[in-house]
Amino acid sequence: MQKQTDTEQNWIHMVDSIGNFLAPSMAKDHPNLPVVKAEGCYYYGVDGREYLDFTSGIAVENVGHRHPLVVQAIKDSADHLIHGPSGVIIYESILKLAAELQQVLPPKLDNFFFANSGTEAIEGALKLAKYVTKRPYVVSFTGCFHGRSIGALSVTTSKSKYRKHLQPSWLAYQLPYALPEYLPEGEDPDVFYAEKLERDVKELFSHQVDPEEVACMIIEPILGEGGYIIPPASWLKKIREICDRHGILLIFDEVQTGFGRTGNWFAAQTFGVTPDIMAVAKGIAAGLPLSATIASKELMDQWPLGAHGTTFGGNPIACSAALASLKIMKEEKLLENAQEMGAYAMAKLLEMKEELSVVRDVRGVGLMIGIELGDPKTGEASGDVVMEVLDKCLADGVLFYLCGNSGEVIRMIPPLTITKNQIDKGIDVLKTAIQSVSN
């Protein structure tokens, strides 16, 4: 057995001591891999090994880890300005970023409140909707994840444990998401889910809340943490139609789906549905904390000074990183690569599904792909099997992550710079791991 280096021993000691100085809610996630560097599609471990990253830092590093143009933009920005605060001062990077984002967003989404995280963007979106409409209630969809702050938790229903002991109370109601298990055999999903939504909405508005008191509906256009569920476009279009019918604002949570993940700049363009308000974060700034609540100037102009605020939002260095990231995505044609590599990966994964009964389902758009696994004996969806597979993949140098209500789905969300060779390696490792738990 290879002798551990002093560096490895020191790291092992620090990792073992995590419980002494980091909150378990922060430091006990899977797999606690000690790393010293990241670059492109790889992490580099304290053990000297190279790990192929199929997580993108949870859909953040869309242009790859430490892209040279991003690193240089950060260095150049730090030479001039480290902190805003925007409003007290104004600076070039935030103005340029607002102008550049307008070029890639759906029409009329042209006004920005920059913050730091996805949760903050959601809080901003909910506050804006309530302020503008002067209505008290919000409707969200069961299974969606919108963040863990109290306001965001009122519309987050991917896991009940996130809400335990917290009693989130932002006056929110839930409607069912377009989950695959609802679809009767032989039914057309484009027709069925839209008709079911009309029935669900009628029942909600007849028995629980008057639509004239609903400020907004908020939804993940693709269910993320809740299991990577892709609804029919007709269902999302029906939501848009219902909102228009009742004067309700539509919010898209594009924190995970944004910035090329679905093969378009945003899922709104993938499905052909434009919301009134959009929340974005994750892939916006190549790993630096930045987010935005986005709406039309008409809406934002009704949200006056003091109605919302931020100290760190729109940080000048983060805005510079975001500008570099947008440039990379255009110059390196990463939207096209997401479409091509996503289709290539899906084809390989669907072949694997035919061979291995443990694979219950494969679903994806662009490079946002979910692989649902089941227990080899019962066939039931199994988070335990997923964890076993993730550990085996990590041992072979590939990092995946999980999602779903019981952790039954493997997320495949590599950087949009991924190549066919890297996809081949990752899926080969995944297949071997799944085969080993199938026996």
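Relevant structure appears above.
A brief report on the enclosed structure follows.

Parameters and conventions
Residues numbered from 1 in each chain as written. Predicted model: local features only at pLDDT ≥ 70, side-chain atom pairs only at ≥ 80, totals over all residues. Heavy atoms only, no water. Helix = DSSP H or I, 4+ residues; strand = E, 2+ residues; numbered from the N terminus. Contact = heavy atoms within 4.5 Å. Areas by Shrake-Rupley, 256 points an atom, 1.4 Å probe, with all protein chains shown as cover. Lys, Arg positive; Asp, Glu negative; His and termini not counted. Charge placed at Lys NZ, Arg CZ, Asp CG, Glu CD. Phe/Tyr/Trp six-rings, centres within 6.5 Å; stacked < 30°, edge-to-face > 60°. Buried < 20%, exposed > 50% of the residue type's maximum accessible area, 1.4 Å probe, protein only. Salt bridge = Lys/Arg side-chain N within 4 Å of Asp/Glu carboxyl O. Polar contact = N/O pair within 3.5 Å; in protein donor to acceptor, adjacent residues only side chain to side chain. 1 Å grid on protein atoms, 1.4 Å probe; cavity = no way out; pocket = protein on both sides within 12 Å on 5 of 7 lines; lining within 4 Å. Points joined across faces, edges and corners; volume = space filled by probe spheres on them. Nonpolar A, V, L, I, M, F, W, Y, C, P; charged D, E, K, R; others polar. Pairing = 2+ DSSP bridges. Axes fitted to C-alpha atoms, helices over the stretch in contact; angles between N-to-C directions. Patch = residues over 30% accessible without salt bridge, like charges linked within 9 Å, V, L, I, M, F, W, Y side chains within 5 Å.

Attention shifts here to the overall build of the protein chain. In terms of helices and strands, the protein chain carries 16 helices and 15 strands. Projected onto the principal axes, the alpha-carbon positions of the protein chain cover approximately 70 × 60 × 45 Å. For the protein chain, contacts bridging at least 24 residues in sequence account for 71% of all contacts bridging at least 6. Summed over its atoms, the accessible surface of the protein chain is roughly 19600 Å², and 51% of this surface lies on carbon and sulfur atoms. Considering the protein chain, the positive charge centre built from 40 side chains and the negative charge centre built from 55 side chains are found 2 Å apart.

This next bit is on the packing of aromatic side chains. This structure, assessed with the given rule, holds 10 aromatic pairs. Here the aromatic rings of Phe113 and Trp303 are separated by 5.8 Å at their centres, their planes lie at 55 degrees, and the arrangement is tilted. You can see Phe113 sitting in strand β4 (residues 111-115) and its partner Trp303 sitting in the loop between α12 (297-300) and α13 (316-331), a full 190 residues away along the chain. Of the two residues, Phe113 and Trp303, both sit in the buried class. With a centroid separation of 5.6 Å and 55 degrees between ring planes, the pair formed by Tyr137 and Tyr173 is classed as tilted.

All right, on to the pattern of salt bridges then. Taken as a whole and judged by the stated rule, the model has 18 salt bridges. Note that Lys330 is salt-bridged to Glu100, the shortest N-O span being 3.3 Å. Placement of the pair is Lys330 in helix α13 and Glu100 in helix α6 (residues 92-102), with a sequence separation of 230 residues. For Glu100, a relative accessible area of 33% puts it in the partly exposed group. Between Arg245 and Glu198 there is a salt bridge, and its shortest N-O distance comes to 2.8 Å. Taken together, the positions of Arg245 in helix α10 (residues 233-246) and Glu198 in helix α9 (residues 189-207) put the pair 47 residues apart, joining distant regions of the chain. Where salt bridges share partners, they join Glu198, Lys238, Glu241 and Arg245 into one cluster.

Residue placement: Ser140 occurs in strand β5 (residues 137-141). At a separation of 3.5 Å, a polar atom in the side chain of Ser140 contacts the main-chain carbonyl oxygen of Val155. When residues no more than four places from it in sequence are discounted, the contact partners of Ser140 are Val155, Tyr173, Gln174, Leu175 and Ile218.

Turning our attention to the layout of surface pockets. To find leftover empty space, a probe the size of one water molecule is rolled over the atoms. In this model, the second largest pocket occupies a volume close to 640 Å³. Every residue lining the second largest pocket is counted, 20 residues in all, and those nearest its centre are Ser86, Gly87, Phe112, Phe113 and Phe114. Every element with two or more residues in the lining of the second largest pocket is listed here: α6 and β4. Broken down by element, the residue count for the lining of the second largest pocket peaks at 4 residues, all from β4. Of the residues that constitute the lining of the second largest pocket, the class distribution is 11 nonpolar, 7 polar and 2 charged.

Before going further, it helps to examine the sheet that holds strand β11 (residues 359-365). The 4 strands lie next to each other as β11-β12-β15-β14, forming an open sheet whose pairing is antiparallel. Strands at the two margins of the open sheet, each flanked by one partner only, are β11 and β14 (401-403). Neighbour to neighbour, the strand axes of the sheet diverge by 30 degrees on average, direction disregarded. Running at roughly 170 degrees to β11, helix α14 (residues 334-355) makes contact with β11, β12 (368-373) and β15 (409-412) of the sheet.

Attention now moves to empty space enclosed by the protein. On inspection of all chains with the given rule, the structure shows 1 cavity of 30 Å³ or more. Of the pockets and cavities examined, the largest cavity occupies roughly 40 Å³. In terms of lining residues, the largest cavity is bounded by Pro176, Tyr177, Ala178, Tyr182, Tyr193, Lys196, Leu197, Asp200 and Trp235. In terms of residue count, the dominant contributor to the lining of the largest cavity is α9 (4 residues). Here the lining of the largest cavity is built from residues that sort into 7 nonpolar, no polar and 2 charged.

For the rest of this paragraph, the subject is a negative patch on the surface. A contiguous patch of negative charge on the surface is contributed by Glu187, Asp188, Asp190 and Glu195. By secondary structure assignment, the location of Glu187 is in the loop between β6 (172-175) and α9. Classification of Glu187 by relative accessible area gives partly exposed; the value is 41%.

Turning next to unusual backbone geometry. If a residue is not glycine, its phi is most likely negative; likewise, a peptide bond is most likely trans. With an omega of 0 degrees, the peptide bond running from His30 to Pro31 counts as cis. One can find Pro31 in the loop between α3 (24-27) and β1 (35-39). Positive phi outside glycine occurs at Arg66, with the angle close to 50 degrees. Among the secondary structure elements, Arg66 is positioned in the loop between α4 (56-59) and α5 (68-78).

A few words on the pairing of β12. Counting buried residues in β12 gives 6 out of 6 residues, a clear majority hidden from the surface. Going residue by residue along β12, you find Met368, Gly370 and Glu372 tucked away on one face and Ile369, Ile371 and Leu373 tucked away on the opposite face as well. Relative to β12, β11 runs antiparallel, the two sharing 6 bridges. In the strand pairing of β12, Asp361 is matched with Glu372. Two strands pair when backbone bridges link them, and β12 and β15 are joined in this way by 4 bridges, in the antiparallel orientation. Pairing of Gly370 across the sheet is with Arg411, part of β15.

Tracing the backbone shows Lys37 in strand β1. On the basis of relative accessibility, which here comes to 40%, the residue Lys37 falls in the partly exposed class. The spatial distance from the C-alpha of Lys37 to the C-alpha of Glu50 is 9.7 Å, given a sequence separation of 13 residues. A polar contact is formed between the side chain of Lys37 and the side chain of Glu39, at a distance of 3.4 Å.

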